[in-house]
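Below, each chain spelled out in residue letters.
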4 protein chains.
Amino acid sequence: MDQIISPALDQDFIASENAALTAGVEEDYDALGRALDRRGIDIEAITRAVAAFAVAAPSWAVGSGGTRFARFPMGGEPRNIFDKLEDCAVVNRLAGATPTVSLHFPWDEVDDYKGLTEFAGALGLGFDVVNSNTFQDHPGNALHPLSYKYGSLSHTDPAVRAQAVAHNIHCAELAAKIGAPALTIWLGDGSNFPGQSNFTRAFERYIDSVTTVYAAVPGGFKLFLEHKMYEPAFYSTVIQDWGSSLLAAQAVGDNCLCLVDLGHHAPNVNIEMIVARLVHAGKLAGFHFNDSKYGDDDLDAGAIEPYRLFLVFNELVDAEYRKAPGFAPSYMLDQSHNVTDPIESLMTSAVEVQRAYAQALLVDRAALEGFQDANDPMMASQTLKRAFTTDVQPILAMARLRKDAAIDPVGAYRASGYRSAVTRIRPAKAGGSGGIV
Amino acid sequence: MDQIISPALDQDFIASENAALTAGVEEDYDALGRALDRRGIDIEAITRAVAAFAVAAPSWAVGSGGTRFARFPMGGEPRNIFDKLEDCAVVNRLAGATPTVSLHFPWDEVDDYKGLTEFAGALGLGFDVVNSNTFQDHPGNALHPLSYKYGSLSHTDPAVRAQAVAHNIHCAELAAKIGAPALTIWLGDGSNFPGQSNFTRAFERYIDSVTTVYAAVPGGFKLFLEHKMYEPAFYSTVIQDWGSSLLAAQAVGDNCLCLVDLGHHAPNVNIEMIVARLVHAGKLAGFHFNDSKYGDDDLDAGAIEPYRLFLVFNELVDAEYRKAPGFAPSYMLDQSHNVTDPIESLMTSAVEVQRAYAQALLVDRAALEGFQDANDPMMASQTLKRAFTTDVQPILAMARLRKDAAIDPVGAYRASGYRSAVTRIRPAKAGGSGGIV
Amino acid sequence: MDQIISPALDQDFIASENAALTAGVEEDYDALGRALDRRGIDIEAITRAVAAFAVAAPSWAVGSGGTRFARFPMGGEPRNIFDKLEDCAVVNRLAGATPTVSLHFPWDEVDDYKGLTEFAGALGLGFDVVNSNTFQDHPGNALHPLSYKYGSLSHTDPAVRAQAVAHNIHCAELAAKIGAPALTIWLGDGSNFPGQSNFTRAFERYIDSVTTVYAAVPGGFKLFLEHKMYEPAFYSTVIQDWGSSLLAAQAVGDNCLCLVDLGHHAPNVNIEMIVARLVHAGKLAGFHFNDSKYGDDDLDAGAIEPYRLFLVFNELVDAEYRKAPGFAPSYMLDQSHNVTDPIESLMTSAVEVQRAYAQALLVDRAALEGFQDANDPMMASQTLKRAFTTDVQPILAMARLRKDAAIDPVGAYRASGYRSAVTRIRPAKAGGSGGIV
Amino acid sequence: MDQIISPALDQDFIASENAALTAGVEEDYDALGRALDRRGIDIEAITRAVAAFAVAAPSWAVGSGGTRFARFPMGGEPRNIFDKLEDCAVVNRLAGATPTVSLHFPWDEVDDYKGLTEFAGALGLGFDVVNSNTFQDHPGNALHPLSYKYGSLSHTDPAVRAQAVAHNIHCAELAAKIGAPALTIWLGDGSNFPGQSNFTRAFERYIDSVTTVYAAVPGGFKLFLEHKMYEPAFYSTVIQDWGSSLLAAQAVGDNCLCLVDLGHHAPNVNIEMIVARLVHAGKLAGFHFNDSKYGDDDLDAGAIEPYRLFLVFNELVDAEYRKAPGFAPSYMLDQSHNVTDPIESLMTSAVEVQRAYAQALLVDRAALEGFQDANDPMMASQTLKRAFTTDVQPILAMARLRKDAAIDPVGAYRASGYRSAVTRIRPAKAGGSGGIV
């Protein structure tokens, strides 16, 4: 499998794109440095932390997403995991924030995992937490094609549960082959009608299945349970919220943790508080970052409510500050790019996640703690808001510049002609009508 | 095109299924009649009204639905509009409440509409309001395959708008051919990102396009505008609520009305009040009935919040009672049957809509008006609740029995073996991964 | 303290009110009995269970409620706990479903608890779970008047926490004096601004405070923790959902359980599933019944979404059916009667709770389990719906008739002239502007 | 009525407070100016626009707010409209953004409106849109004390409607006396139970009442209708959304417009789109600014979702840019300050509103229009985000500095000792239990 040759992956090209912008970045960075210095903040410490911050790119998100109504593919869609890794390499090379990729099985299965790992390594990529899939039937399933219509790990039929358990164990084995540290289990199990499912018996079956998977994985390997309020099930979902996720993770074992996808909650829910509670419980696995206005919209991180993303990072930085025991969350993007070029969305989203982190680092935590203890909500609130309203763009740009990534990732990407190039190489995929017809 | 021979469509079979149940229905009906008589209600008047009540079946809903994650088809899925009509005939024959079908173009296009109408007529079916589709690209589109990725009737490109306008005019022409009285326009136009679309310019383009369609349809023909809060667009939708729908309908003309789909509103919204407001404005087109707990879940009518369905019908019966000018709404089901046999869901849903109508007819409106005028919320509330808690099952069953439909539609359907029969005849369709991959 | 003499409490009066209605009830009851018999259900077993079912009345709910905008009191508002008990006695005598009262301290504090218990006993009333109050400052507080502005059990100031802990211990002591089995702790602690409160430190303080209370109460006495999404705090609440409630209850001890108020959840949340999860965890304390459409509306139980109330009872009856270990929830009403006579609302609400229970008892659980195991959502759903659509009014009326309560509680109450009588005796209370001015 | 002497109102004091901060502001302002210049933006034009931007302060918001559960007053609460104006003067002098005050009748009624106007003028204040109140009964009401329990302008009783109409006409007359341009009508009319109110008849009565008010006011005077989803009514509200508000305003007349309170919508609703629709319809009256996470939380503007506030201003600046006919909205704050010093919250909120306006002015509208027309959601979105992430703090501070207001309004306010001073002068007010007891 030859790797693609593209200016988007070429350091000289990136440098030439950066050339015209560098002076501006440096001027802004110096000015911000002086302003932060007046506030007692060392800009270099922030920049170093930002440069060290990484979030995994999801292999599935480099293709065009769709809804149940339609999918409108762009050109040059990746045909397989190798194409996906090339796209992810562009994301990482230009935005400098996504050195690892999260795989999704069976979509990303290959024959040769050593070869896959070398291929990724040559592109400067490693692997992060992997994902299993029991919300669809797989061509190779013994029970194909309708085995998961009524559930998987919580199915009433032991044969279906066994198939789903086996698939998850298989995913954990693949994870071990590529050096991934954990497996995220999200499933769509639930019901569309009151009465269809017995909530308690389904939950017990789920816990039993996950416990079986847990028993089969190596000692240090982790299982991440991902809750979701609804969709694809529209009346009940087995792991519908963090409370059910917590109960299940407690039942399964110490290395079973709870993963938070930002789009999987009820309207109005205070997600940053859920983050704090999972940190308190020692059960925070990490995140699937995205943004949403209505449901599981899977929009680009920070596109809709950037302050919410900041408040989530405020909890994370606070947990580091308080040295919360065992605090080591995994960060992943999980988005559906229905109307944008996925490469552009992933770069931009990674930057937005970094932005929220940088802003959260600017919070004067000693002052904040003082305002909290003194019940001074005005100054406490303003302490957060002042960090949030600070323009950290120069910090983000400088961190990229120093890593030989692009000051303007989208601009450089467009200049590189990458999309046109892969459109010529990769055959067009069919669009589609989504799931409704 | 030969029509299917099935016991499900056979009057003798239905009669034989009813035989064992008839005595029970009659006993319950008599008992209810006496109880209602004590409340001053003539059961026969209610039964006649129920028997006369009809709701259109949607042609698209006899196939298995799906989500963006997956579609799990059952056997015997209809291959074309003729198969769909046969399924709809079963629904109507057994449940006796859906004598018309709503078509969806281009999905249901045929060469010979006279033949289609005769085929339907032979099955005892007529046609109701038709639906256009500009949320997907069609194989024959001049601008295929990505013309509607960024909108249709409100698209920034005049050529795309012209194509969408032409499609809608074409649908109205097809409607005329089959005797359908109106065209429902729902489109997914909107945006996924703040800034992507200029709300006002998009709205102006939409109104301009619909006005063009309106000018091209015959005088008595109606256009129904269907609003929806979100999905497939996840930040903004051009016709996002009844307010925008009303503004557009006012701008287009007198025969342009506003259609309410019960699943298209924000959380907690009082939908029955929207119905009342549209009646007040003389702009209520009618309904797409379904039920939902979270978003546009498209679940079976009455499955989640039956009291809400009753309250909608309470408004409709109240409008009849007050003789609201021009009040003549169209009733259609619009559901996605992801985990049930669509024929069973459609029968059951039609019955649930009738149930809500029957319950609403039981409301003592003179008494209610008195309690309202006297500000007696307790008795007003109890007046509605007493109608709702009355078990109208005997009325619904008797209405079916008298129409030679099945007392127990699902039971008779299962006994008929219809699904097995069509599964043998119709080739299996592929499942699918929904829109996400 | 003399007890009031009113026809509302007089058995002969009630019997005379029932006289004209008895024949109708008996006819309907017999007809329903035959219909249920055809479905294999013994009506007498249901009627006995309904007659044995009880829900506690809240002492605070017999006065007119209000909002932050205004309170519009009716006449004859109770002046103290003795007046409240008389009102509660009317509720229980006429509706026959609320033999116990939940007190709220300090509102219901008296000098002589033995006397209070005897007074209640003479009215046929006992006491259920008591409630503490640290969302308001109390006249006698050492730290009055602004001690709870920024929290109580989770306050940053140890002196405030100690005051709140002492109050809760005091409430538990009062509970012991009147034979109440548990104390419900609901508090408004939270924040209105991001940053105002450190989520984790506040939670730790809360757990520490409750643990201190727990250590001070007698062995068998229970603490019930009540979660609420928001209000009076509008950004974060310390015990904002069942997950936080569970974490806290786990930390405190075995006799610390989680109470569910039906109006305290995020929009669209599946509350019946939360009930199931708390049963599974062995942590379900019980309920505060009410209904809501938007927020914590505190409307009459079953007034808005009666099917939701039924589905909650479906879980409770299912837990009994499955013999869930330690399952013994407490049932209480918790409502705010802003526009109705509270006595009427409490009677009606108690009946609605019984109605949901009766409907849930009608569910054929063996059949339901079969449909669930067979993945037959249509029949499973219809099994629940058929129980819900059955008119159990005759059962409820017969249960009341047999207990010498009123067939038509509201009618009998109005006929009794109780409200006019107490309006003459009890001085008018001022209305008010609510909290906003 | 002597005016208060306080450093908070003293120009020299403010200047001295500014002294230490001026150099930093100037350095940041220069740096930002250079950065914006590189983006083609003239910072001086933005600063001038910000300096000219004003939002009215609400007279009712300078006292501590509360909930139905409790009100915890701070010291020095204003006793009357004169005290309130002094507090508002401090807000305006220090933050330089609220030169007018919105009065609320009957709360702010006085004997001598000429004197009131002069008093305000001496404090540098004028008057903006006034507000009526029919959600509470007033001491002087002929029909006191329970006239509005079941509604006001839409009440079933003509006498109550006449009283409410007369009150609104009276408010319009008072508005004329003080030079206020419009009257905002918000009322709590609605229902708590299905059936309590006939939606249509209540709406017709409402329109009739407002039409009567409209006929009685002078030609150029405007009526603003304010919609709200719920509270104090918890099942239905007569003007529940912008659709009902629009229908009513259309029925009443050209000078009857629709006012948007940011906290009065269903969860997840796209408020900026409603703004665009009302601009399109020529019916946008203006705003009540505040922020909310759950319901009508009345939190400080920009405290919860600052990006949403920005997106609202993006629509407003876009309407100016497109020269929308008749576009001239009124801007008012409307908040409840339950845990902060109201003066601090009002200053901060005015600044946040200015911040959103300044950010919206930074949007490159020609570029945005180009991206929209080209269906480039990525660049369109980034165009808005880049404006939003720009730190406009130096612009806001410079605008204040040039107006002799405080660079750091909260800091200067605290240094002035104003709260302590008025606490000595003004007697303590009682806290309270809110509306629930």
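These numbers come from a predicted model, not from an experiment.

Peer 1: For this particular structure, what's the right way to read the overall build of chain A?
Peer 2: Counting its regular elements, chain A contains 15 helices and 11 strands. A compact globule built from 437 residues should have a C-alpha radius of gyration of about 22 Å, and chain A, at 22 Å, falls within 12% of that. Seen through its principal axes, chain A has C-alpha atoms that stretch 65 × 60 × 40 Å. Counting every position in chain A, which comprises 437 residues, the buried fraction comes to 71%. Contacts spanning at least 24 positions in sequence make up 79% of the contacts within chain A whose residues lie at least 6 apart. For chain A, the exposed surface amounts to about 12,900 Å²; the carbon and sulfur share of it is 53%. Averaging the positions of the 35 positive and the 53 negative side-chain charges in chain A gives two centres separated by 2 Å.

Peer 1: Would you mind going over the interface of chain B and chain A with me for this structure?
Peer 2: It is common to give the size of an interface as the accessible area lost on bringing the parts into contact. At the interface, 54 residues of chain B touch 54 residues of chain A. When the two sides are added together, the surface that chain B and chain A hide from each other amounts to roughly 4,700 Å², 64% of it contributed by carbon and sulfur. At the boundary of chain B and chain A, one finds six salt bridges. The salt bridge involving Asp296 of chain A is made with Arg68 of chain B; its shortest N-O contact spans 2.8 Å. At the junction of chain B with chain A, the criterion picks out 15 residue pairs in polar contact (both at pLDDT 80 or more). The residue makeup of the side of chain B that touches chain A, split by class, is 27 nonpolar, 16 polar and 11 charged.

Peer 1: Explanation requested: the relation of the copies chain C and chain A in the structure shown.
Peer 2: Taken together, a rotation about one axis and a shift along it account for how the two chain copies relate. Between the two copies, chain C and chain A, the superposition gives an RMSD of 0.0 Å; the rotation angle is 180 degrees and the shift along the axis is 0.0 Å. Taken together, the rotation and translation relating the two chain copies correspond to the operation of a two-fold axis. Using C-alpha coordinates, one finds that chain C approaches the rotation axis most closely at Gly243 of chain C, a distance of 2.1 Å. When the interface residues of chain C are mapped onto chain A, 100% of them again lie at the interface, so the same face is used by both copies.

Peer 1: So what exactly am I meant to see when it comes to the relation of the copies chain B and chain A here?
Peer 2: For the pair chain B and chain A, the relating rotation is 180 degrees, the translation along its axis is 0.0 Å, and the fit reaches an RMSD of 0.0 Å. In this assembly the copies share their binding face: 100% of the residues contributing to the interface of chain B also contribute to that of chain A.

Peer 1: Mind showing me how you'd approach the sheet that holds strand β3 (residues 126-127) of chain A here?
Peer 2: Backbone-to-backbone hydrogen bonds join strands into a sheet, with any given pair of strands oriented parallel or antiparallel. Residue and element names in this part refer to chain A. Across the sheet, three strands lie side by side as β1-β2-β3; this open sheet has parallel pairing. Strand pairing shows two members of the sheet lacking a second neighbour, β1 (57-58) and β3, which therefore form its edges. Sheet topology note: the β1/strand β2 (residues 100-102) ladder contains two bridges and is parallel. Pairing of Ala57 across the sheet is with Val101, part of β2.

Peer 1: Would you explain the pairing of strand β11 (residues 330-333) of chain B in this entry?
Peer 2: When a strand is regular, its side chains alternate between the sheet's two faces. Residues and elements named next belong to chain B. Here β11 shows a buried face lined by Ser330 and Met332 and a second buried face lined by Tyr331 and Leu333. As paired strands, strand β10 (residues 284-289) and β11 are joined by four bridges and run parallel to one another. Within β11, the residue paired with Gly286 across the bridge is Ser330. With helix α9 (residues 306-321) bridging β10 and its parallel neighbour β11, the resulting β-α-β unit is right-handed.

Peer 1: What is the right way to look at helix α11 (residues 365-373) of chain C in this model?
Peer 2: Since there are 3.6 residues in each turn of an α-helix, residues three or four apart along the chain are aligned in direction. Taken together, the buried positions of α11 of chain C are occupied by Arg365, Leu368 and Gln372 of chain C. The arc that holds every buried residue of α11 of chain C, seen down its axis, measures 55 degrees, which confines them to one face. Elements in contact with the buried residues of α11 of chain C: α6 (199-216) of chain A together with α9 (306-321), α10 (342-362) and α12 (377-389) of chain C. With its phi angle positive at about 50 degrees, Asn375 of chain C sits one or two positions after the end of α11 of chain C.

Peer 1: Any chance you could explain the interface of chain C and chain A here in plain terms?
Peer 2: Taken together, the contacts link 54 residues of chain C with 54 residues of chain A. Together chain C and chain A conceal approximately 4,800 Å² of surface at their shared face, both sides included; 57% is due to carbon and sulfur atoms. Viewed at the interface, chain A and chain C are joined by four salt bridges. Inspection of the region where chain C meets chain A yields 27 residue pairs in polar contact (both at pLDDT 80 or more). Partitioning the side of chain C that touches chain A into residue classes produces 25 nonpolar, 19 polar and 10 charged.

Peer 1: How do you make sense of the pattern of salt bridges when you look at a structure like this?
Peer 2: Side chains that carry opposite charge are capable of pairing whenever their charged atoms lie near each other. Following the criterion strictly, the structure yields 108 salt bridges over all chains and no others. Ionic pairing is found between Arg426 of chain C and Glu86 of chain C, a salt bridge with its closest N-O pair at 3.7 Å. Pair noted here: Arg426 of chain C is in the segment after α15 (418-425) and Glu86 of chain C is in helix α3 (residues 81-95), with a separation of 340 residues, a long-range link. By relative accessible area, Arg426 of chain C is classed as buried at 2%. When salt bridges that share partners are traced, they join Arg68 of chain A together with Lys228, Glu231, Asp296 and Asp298 of chain B into one network.

Peer 1: What exactly am I supposed to notice about the side chain of His104 of chain A here?
Peer 2: Residues and elements named next belong to chain A. With respect to the helices and strands, His104 occurs in the loop between β2 and α4 (113-122). What makes His104 buried here is its relative accessible area of 6%. Among the polar contacts made by the side chain of His104, one reaches the side chain of Asn133 at a distance of 3.2 Å.

Peer 1: What is the right way to read the packing of aromatic side chains from this model?
Peer 2: For the coordinates displayed, the defined rule picks out 90 aromatic pairs over all chains. Both rings, one in Tyr413 of chain D and one in Tyr418 of chain D, keep their centres 6.1 Å apart while their planes meet at 45 degrees; by these two values the pair is tilted. Taking the ring centre of Phe203 of chain C as reference, the NZ or CZ of Arg277 of chain A above it sits at 3.9 Å.

Peer 1: Which parts of the structure should I look at to understand the pairing of strand β5 (residues 182-185) of chain A?
Peer 2: All names here are of chain A. Burial along β5 is two-sided: the face carrying Ala182 and Thr184 and the face carrying Leu183 and Ile185 are both buried. Of the strand pairs in this sheet, strand β4 (residues 130-131) and β5 are connected by two bridges, and their pairing is parallel. Residue pairing in the sheet places Val130 in a bridge with Leu183 of β5. Across four bridges, β5 lies against strand β7 (residues 222-226) in parallel orientation. Its bridge partner being in β7, Leu183 is matched across the sheet by Leu223.

Peer 1: Would you mind showing me how to read the sheet that holds strand β1 (residues 57-58) of chain D here?
Peer 2: Across the sheet, which stays open at both edges, the three strands sit in the order β1-β2-β3 (chain D) with parallel pairing between neighbours. Each end of this open sheet is capped by a strand with a single partner; those strands are β1 and β3 (126-127) of chain D.

Peer 1: Can you help me understand the confidence of the model for chain A in this one?
Peer 2: When pLDDT drops low, the exact placement of atoms in the prediction is not to be read closely. Mean pLDDT over chain A works out to 96, with 97% of the residues at or above the 70 mark. What the predictor reports for the complex is a pTM of 0.97 with an ipTM of 0.97.

Peer 1: Help me understand the environment of Arg161 of chain D in this model?
Peer 2: All names here are of chain D. Here Arg161 is to be found in helix α5 (residues 158-178). Separated by 44 residues in the primary sequence, Arg161 and Arg205 place their C-alpha atoms 8.4 Å from one another. Setting aside anything within four residues of it in sequence, one finds Arg161 in contact with Ser152, Leu153, Ser154, His155, Thr156, Arg205 and Ser209.

Peer 1: Any chance you could explain the side chain of Asn133 of chain D here in plain terms?
Peer 2: All names here are of chain D. Relative to the assigned elements, Asn133 resides in the loop between β4 (130-131) and α5. Residue Asn133 is classed as buried on the basis of its relative accessible area of 0%. Filtering out sequence-adjacent residues up to four positions away, Asn133 remains in contact with His104, Phe105, Pro106, Trp107, His138 and His167.

Peer 1: In this structure, what is going on with the environment of Arg355 of chain A? I would like to understand it.
Peer 2: Residue position: Arg355 of chain A is located in helix α10 (residues 342-362). It is 40 Å that separates the C-alpha atoms of Arg355 of chain A and Ala166 of chain A, two residues lying 189 residues apart in sequence. With sequence-adjacent residues up to four places away left out, Arg355 of chain A is seen in contact with Val392, Gln393 and Leu396 of chain A together with Thr389 of chain D. At 3.0 Å, the side chain of Arg355 of chain A and the side chain of Glu352 of chain A are in polar contact.

Peer 1: What should I look at first to understand the packing of helix α8 (residues 271-280) of chain B against α9 of chain B in this one?
Peer 2: Describing two packed helices takes the angle between their axes plus the distance from one axis to the other. Residue and element names in this part refer to chain B. At their nearest, the axes of α8 and α9 sit 8 Å apart, and the two run at 20 degrees to each other. Looking at the two axes, α8 sits roughly parallel to α9. The handedness of the crossing between α8 and α9 comes out as right-handed. Counted together, Ile271, Glu272, Val275, Ala276 and Val279 of α8 and Arg308, Leu311, Val312, Glu315, Leu316 and Ala319 of α9 form the full contact between these two elements. Taken together, the residues that form the contact of α8 with α9 break down as eight nonpolar, no polar and three charged.

Peer 1: Mind showing me how you'd approach the state of the cysteines here?
Peer 2: Here, the word disulfide means a covalent bond between the sulfur atoms of two cysteines. All names here are of chain C. With the rule as written, the count across this model stands at zero disulfides over all chains. With no disulfide partner, Cys171 has as its closest neighbouring cysteine sulfur the one in Cys256, 15 Å distant. Look at Cys171 and you get buried, because its relative accessible area is 0%. Here Cys258 is not cross-linked by a disulfide; its sulfur's nearest cysteine counterpart is in Cys256, at 6.9 Å. What makes Cys258 buried here is its relative accessible area of 0%.

Rules behind the numbers
- Residues numbered from 1 in each chain as written.
- Chains lettered and ligands numbered in written order.
- Predicted model: local features only at pLDDT ≥ 70, side-chain atom pairs only at ≥ 80, totals over all residues.
- Heavy atoms only, no water.
- Helix = DSSP H or I, 4+ residues; strand = E, 2+ residues; numbered from the N terminus.
- Rg over C-alpha atoms; globule rule 2.2 N^0.38 Å.
- Buried < 20%, exposed > 50% of the residue type's maximum accessible area, 1.4 Å probe, protein only.
- Contact = heavy atoms within 4.5 Å.
- Areas by Shrake-Rupley, 256 points an atom, 1.4 Å probe, with all protein chains shown as cover.
- Lys, Arg positive; Asp, Glu negative; His and termini not counted.
- Charge placed at Lys NZ, Arg CZ, Asp CG, Glu CD.
- Buried area = accessible area lost by both parts, 1.4 Å probe.
- Salt bridge = Lys/Arg side-chain N within 4 Å of Asp/Glu carboxyl O.
- Polar contact = N/O pair within 3.5 Å; in protein donor to acceptor, adjacent residues only side chain to side chain.
- Nonpolar A, V, L, I, M, F, W, Y, C, P; charged D, E, K, R; others polar.
- Least-squares fit on C-alpha atoms with pLDDT ≥ 70 in both.
- Pairing = 2+ DSSP bridges.
- Right-handed = clockwise from strand over helix to strand, strands pointing away.
- Arc of directions from axis to C-beta.
- Phe/Tyr/Trp six-rings, centres within 6.5 Å; stacked < 30°, edge-to-face > 60°.
- Lys NZ or Arg CZ within 6 Å of the ring centre and 35° of its normal.
- pLDDT = per-residue confidence, 0-100.
- Axes fitted to C-alpha atoms, helices over the stretch in contact; angles between N-to-C directions.
- Parallel < 35°, antiparallel > 145°, perpendicular 65-115°, else oblique.
- Left-handed = near helix turned anticlockwise from the far one by under 90°.
- Disulfide = S-S within 2.5 Å.

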